[in-house]
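So you can see what is in the structure, the chains are spelled out below.
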Amino acid sequence: MKINKTNAARLLDRAEIAYELIPYRVDENNLAADHVAQSLGEDINTVFKTLVLHGEKTGYFLCVIPGNREVDLKKAARVAGAKKADLIPMKDLLPLTGYIRGGCSPIGMKKAFPTFIDSRAESHEFIFISAGQRGLQLKLNPRELSDFIGGIFADITTENTI
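Conventions we followed
Residues numbered from 1 in each chain as written. Predicted model: local features only at pLDDT ≥ 70, side-chain atom pairs only at ≥ 80, totals over all residues. Heavy atoms only, no water. Buried < 20%, exposed > 50% of the residue type's maximum accessible area, 1.4 Å probe, protein only. Helix = DSSP H or I, 4+ residues; strand = E, 2+ residues; numbered from the N terminus. Arc of directions from axis to C-beta. Contact = heavy atoms within 4.5 Å. Phe/Tyr/Trp six-rings, centres within 6.5 Å; stacked < 30°, edge-to-face > 60°. Core = buried A, V, L, I, M, F, W, Y, C linked by side-chain atoms within 4.5 Å. Pairing = 2+ DSSP bridges. Axes fitted to C-alpha atoms, helices over the stretch in contact; angles between N-to-C directions.

J.: How would you summarise helix α1 (residues 7-14) if you had to cite specific residues and measurements?
T.: Of the residues making up α1, those classed as buried are A8, A9 and L12. All buried residues of α1 lie within an arc of 100 degrees about the axis, which places them on one face of the element. Where α1 is buried, its residues touch β1 (20-23), β7 (127-133), β8 (136-140) and α5 (142-149). Downstream of α1 by a residue or two, E16 has a phi angle that is positive, lying close to 55 degrees.

Printed below as a string of structure tokens:
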């Protein structure tokens, strides 16, 4: 099966960063990370989701977190240098990033935003992130991802898993 490369994959190619493109079957009624992990046959702790937040005074930033955890808004705001931060409304995702829900990648957005990657990623040899479209994941080394996008590893999730 031929897999068409996404913009995120082409950017990784140009930077000579090793990755794999992994397709999976999309369920439009269930875009959750646990469904993606199950479809891939991978541990949910290695499947990361990209969330877009807005900090008062600091603007937009990204949090890349394990699929079975929730972003801690206070911790995220703190690492971003804001007093308060909230997830952006879903209707703002596509115009702001160029990506839709379930296909939001920290690579290749319309504009580069400060990015914070949950520190749990550092313990994995590889993680999965969206390749920029539903039904396609990138498998890559989290440190190489961080170096490429200027990401900062930080404790940004809640203690309780979902």
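J.: Go over the packing of aromatic side chains with me, naming the residues and quoting the values.
T.: For the coordinates displayed, the defined rule picks out three aromatic pairs. Ring centres of Y60 and F113 lie 5.9 Å apart, and the angle between their planes is 65 degrees; this geometry places the pair in the edge-to-face category. Taken together, the residues span a long stretch of sequence, with Y60 in strand β3 (residues 59-66) and F113 in the loop between α4 (93-97) and β6 (115-118) at a distance of 53 residues. Since its relative accessible area comes to 32%, Y60 is described here as partly exposed. Looking at F113, the relative accessible area reads 8%, which means it is buried. When the centroid spacing of 5.8 Å and the interplanar angle of 80 degrees are considered together, the rings of F61 and F116 count as edge-to-face. Taken together, the positions of F61 in strand β3 and F116 in strand β6 put the pair 55 residues apart, joining distant regions of the chain.

J.: Break down the nonpolar core for me, with residues and values.
T.: Grouped together as the largest cluster of nonpolar side chains are 28 residues, with contacts concentrated most on V52, I107, I129, L138 and L145. Those elements that place two or more of their residues in this core are α1, β2 (48-55), β3, α4, β7, β8 and α5. Discounting residues that sit within four places of it in the chain, I107 has contacts with A8, L11, L12, Y99, I129, L138, L145, F148 and I149.

J.: Requested: an account of the sheet that holds β7, with residues and values cited.
T.: Ordered by their spatial adjacency, three strands build an open sheet running β1-β8-β7, and the pairing between neighbours is antiparallel. Looking at strand neighbours, the two that pair on one side only are β1 and β7, the edges of this open sheet. Across the sheet, the axes of successive neighbouring strands diverge by a mean angle of 35 degrees, strand direction being ignored. Of the strand pairs in this sheet, β7 and β8 are connected by five bridges, and their pairing is antiparallel.

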